[in-house]
Amino acid sequence: MVARGAEVRELRGICCESCGRPLEVWCEDCGCPVSCHDFIYPKDTERYPYCLWDFGPCSKEQRPVFLAALEAWLRDIRQHAAERRQAA
């Protein structure tokens, strides 16, 4: 996927410039923030955000800025979980 100029500017805006943590981006489908989501893969070629609060897929939310924020959030959560396991 190649991001166009406006999308690149949007993607830069999803993280804090000081600490680099993702800022909240709200789902256009369910209205929840990125931090309430995971991904589901109904078919090999499909990937949809899944709202953990509403227990359902957000099939109309496909904005690159939302998907990038969700990927960053999940990567951050996995990294912190791995660090906690190593510290234990």
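Residues numbered from 1 in each chain as written. Predicted model: local features only at pLDDT ≥ 70, side-chain atom pairs only at ≥ 80, totals over all residues. Heavy atoms only, no water.

**Some thoughts on the overall build of the protein chain**
In step 1: Summing up its helical and strand segments, the protein chain has two helices and three strands in all.
In step 2: Counting from the amino terminus, the protein chain carries its helices and strands in the arrangement α-β-β-β-α.
In step 3: Looking at the protein chain as a whole, 25% of its 88 residues qualify as buried.
In step 4: When contacts within the protein chain are restricted to residue pairs at least 6 apart in sequence, long-range pairs at least 24 apart make up 44% of them.
In step 5: For the protein chain, the computed accessible surface area is about 6,300 Å², with 54% contributed by carbon and sulfur atoms. (Helix = DSSP H or I, 4+ residues; strand = E, 2+ residues; numbered from the N terminus. Buried < 20%, exposed > 50% of the residue type's maximum accessible area, 1.4 Å probe, protein only. Contact = heavy atoms within 4.5 Å. Areas by Shrake-Rupley, 256 points an atom, 1.4 Å probe, with all protein chains shown as cover.)

**Here we look at the nonpolar core**
In step 1: Val-25, Cys-27, Cys-32, Val-34, Phe-39, Cys-51, Cys-58, Phe-66, Leu-67, Ala-69, Leu-70 and Leu-74 together form the largest nonpolar core, which totals 12 residues.
In step 2: The biggest single contributor to this core is helix 2 (residues 64-87), with five residues.
In step 3: Apart from the residues lying within four places of it in its own chain, the contact partners of Cys-58 are Cys-27, Asp-29, Cys-30, His-37, Tyr-48, Pro-49, Tyr-50 and Cys-51. (Core = buried A, V, L, I, M, F, W, Y, C linked by side-chain atoms within 4.5 Å.)

**A few points about the packing of aromatic side chains**
In step 1: Across all of its chains, the model carries one aromatic pair by this definition.
In step 2: When the ring of Phe-39 is compared with that of Tyr-41, the centres are 6.3 Å apart and the planes differ by 45°; the resulting orientation is tilted.
In step 3: It is Arg-47 that lies over the ring of Phe-39; its NZ or CZ is 4.4 Å from the centre. (Phe/Tyr/Trp six-rings, centres within 6.5 Å; stacked < 30°, edge-to-face > 60°. Lys NZ or Arg CZ within 6 Å of the ring centre and 35° of its normal.)

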